[in-house]
Amino acid sequence: MRFKEHIKYYISWSIAICSLLFIMTSCVEEATYSDTPEGNFEELWSIIDEQYCFLDYKNIDWDAIHTKYKKRISADMTNDGLFQVLGDMLAELKDGHVNLYSANDVARYWKWYEDYPMNFSDSIQKNYLGTDYRISSGIKYKVLDDNIGYIYYGSFSSGIGDGNLDEVLSNLAICDGLIIDVRNNGGGTITNATKLAERFTNEKVLTGYIRHKTGIGHTDFSEPYPIYLEPSNSIRWQKR
Amino acid sequence: MRKITALLVILIGLSGTISAQSDSLQANRFVTRAITYGVGYTNLLDTYLSPQEYTGLEGRVVRETIRMTKLFDGNVSLQNIFQANLSYTHNRVDNNNTFAGLVNWNYGLHYQFRINDNLKLLAGGLSDINGGFVYNLQNSNNPASAKAYANIAASGMVIYRFKIKNYQFVARYQANVPVAGVMFSPNYGQSYYEIFTLGNSEGVIKFTTLNNQPSIRQLFSLDFPVGCTKIRLNYLWDIQQSKVNKLKTHTYSHIFMVGFVKDLYIVKSKNGNPLPAKLRAY
């Protein structure tokens, strides 16, 4: 081989070996915690500290909560005891969407409805819905006696199709007014709620903003991004 | 090699329709193709879904072809690697599982430095295109993470031929390192709903270099004859890592594979009729 070729391949191999060494020593890893009560406690506390969105919004001093609950952790505590302490710590967030799952229980904060009387009764609903209502995918609907249309959408986890909504609104088109009942609806998929809402606007409407965390800091958020509701291309309710 | 030459001589002899200007055997039409299948161990991390590492079993198939081209006086080879893998992993206390899969295509050129008859060093570059997913079984409404990234990779190879009692062995080491590319990644706490349904895709395509994507795929292979066939044993050490949008991912895989190697010749197509009718199966 000629001299120039020697140089070329020595250089290229040197670069290759350097890159190899660089990569071998640049492990992309996340901090690991010991699988002990203390380790589990620290890991859960860190996950909330880095990823939970509402610490500042709810004026929660998460560092103080660390101090408060750390005292209840001991190396020889049982799994049940650990689950209780961790569940109590998460309940400080007062968030119905934060749950800790184990094989025998789900820790939850449901006081926001458990502490209040029920305001929805399906027995009372039966008085006006009767048994001859129609069912179209996730919607129950009927024309009430005074020619008011009634739609009950019980859960946004149940999907509704555009074809279903076309049929429902066509059926209720003769009504003088419309009641849309979403009481006792625990939520679900946003796109299902959007599908229903789209039938009730003729123009693009700003409905809110969305932000996401951009880092581990309590104030690391993206710029608010507007969420618009676009009118459906299919049948829309026009009566006021 | 002798068998292929013999077959071609027979083909040319039998045909009445191949013109007198039929192709002499050209180096760039010989292709070495190997398809290997294997299983191994993988360790994966995707902090978009979980801060925990998941380890377990991975199955992989690799289809590789390599042939010489006419470039630079016939000193450049063209390599085409297609691989697909699927893995099933669990966390360290084995109370949750994650599926992952990736499809990868490498295509590129190496300059071959022939040191002597038995040793070659290859250096070049490959395109490196990847698509896949990670799926965490207990992540309720955010279970999946999509992987889509493409790079230009630097690639080096050592190929060493040696004989043991008249049996020809070929050992190969190859390392591919992505040096520049693009990667899809959601922002740190961003949902796919925000990106794809609401259309906020700012910052989800990021440029990658060794700094934020320190990855390397290393392939050790050994070809040896068994009767009339050639077997290839592969050991693949695949390190795929990324630190993009404050999200960390890694996949460390050790896969042991076996398959057959075939030397094929691409017959030149003349108006879509490369072979005489008697020889055509299709």
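Since the structure is predicted, the reported quantities are computational estimates derived from the model, not experimental observations. (Residues numbered from 1 in each chain as written. Chains lettered and ligands numbered in written order. Predicted model: local features only at pLDDT ≥ 70, side-chain atom pairs only at ≥ 80, totals over all residues.)

S.K.: Outline helix H4 (residues 79-91) of chain A, listing residues and values.
M.R.: Residues and elements named next belong to chain A. An ideal rise of 1.5 Å per residue puts 18 Å on 13 residues; H4 measures up with 18 Å between its terminal C-alpha atoms. Leu-82, Phe-83, Val-85, Leu-86, Met-89 and Leu-90 are the residues of H4 that are buried. The buried residues of H4 occupy an angular sector of 165° when the element is viewed end-on, so they sit on one face. The inward-facing, buried residues of H4 contact helix H2 (37-51), helix H3 (62-70), strand S1 (100-101) and strand S2 (106-107). (Helix = DSSP H or I, 4+ residues; strand = E, 2+ residues; numbered from the N terminus. Expected span 1.5 Å × (residues − 1). Buried ≥ 20, exposed ≤ 12 C-beta atoms within 10 Å, placed from the backbone. Arc of directions from axis to C-beta. Contact = placed C-beta atoms within 7 Å.)

S.K.: Please give an account of the nonpolar core that cites residues and values.
M.R.: Most often, soluble globular proteins have nonpolar side chains that are buried together. All names here are of chain A. Membership of the largest hydrophobic core is limited to 10 residues, which are Ile-139, Tyr-141, Tyr-150, Ile-151, Tyr-152, Tyr-153, Leu-165, Val-168, Leu-169 and Leu-172. For this core, the elements supplying multiple residues, two or more each, are strand S4 (139-143), strand S5 (148-153) and helix H7 (162-171). Here this core gets 4 residues from one element, more than from any other, and that element is S5. (Core = buried A, V, L, I, M, F, W, Y, C linked by C-beta atoms within 7 Å.)

S.K.: Tell me about the sheet that holds S5 of chain A, and please be specific about residues and values.
M.R.: All names here are of chain A. Across the sheet, 4 strands lie side by side as S3-S4-S5-S6; this open sheet has mixed pairing. Of all strands in the sheet, those bounded by a partner on one side alone are strand S3 (134-136) and strand S6 (177-181). Taken over all neighbouring pairs, the strand axes of this sheet differ in orientation by 20° on average, direction set aside. Note that S5 and S6 share 5 bridges and pair parallel. In the strand pairing of S6, Ile-148 is matched with Gly-177. (Pairing = 2+ DSSP bridges. Axes fitted to C-alpha atoms, helices over the stretch in contact; angles between N-to-C directions.)

S.K.: So what about the pairing of strand S11 (residues 247-265) of chain B? Which residues, and what values?
M.R.: Residue and element names in this part refer to chain B. Taken together, the 17 bridges between strand S1 (residues 30-46) and S11 define a ladder with antiparallel strand orientation. Residue pairing across strands places Gly-38 opposite Met-257, the latter belonging to S11. When strand S10 (residues 229-244) meets S11, the two strands line up antiparallel, connected through 15 bridges. In the strand pairing of S11, Ser-242 is matched with Thr-249. Between S10 and the antiparallel strand that follows it, S11, lie 2 residues; Asn-245 among them carries a positive phi value of about 55°.

S.K.: Give me the interface of chain B and chain A: which residues, what numbers.
M.R.: At the junction of the two partners, chain B supplies 34 residues and chain A supplies 27 residues. When residues of the side of chain B that touches chain A are traced back to their parent elements, those giving at least two are strand S5 (119-136), strand S6 (144-164), strand S7 (167-184), helix H3 (192-197), S10 and S11 of chain B. Element by element, the count of residues in the side of chain B that touches chain A is highest for S10 of chain B, at 4 residues. For the side of chain B that touches chain A, a count of residues per class yields 16 nonpolar, 13 polar and 5 charged. (Nonpolar A, V, L, I, M, F, W, Y, C, P; charged D, E, K, R; others polar.)

S.K.: Outline the domain arrangement of chain A, supporting the account with residue identities and numerical values.
M.R.: Residues and elements named next belong to chain A. With domains assigned, chain A is organised as domain 1 (37-114) and domain 2 (122-229). Placing the centre of domain 1 and that of domain 2 at their C-alpha centroids yields a distance of 33 Å. The interface of domain 1 with domain 2 comprises 5 residues on the first partner and 4 residues on the second. Residue classes in the side of domain 1 that touches domain 2 are distributed as 2 nonpolar, 1 polar and 2 charged. (Domains from an automatic or database assignment.)

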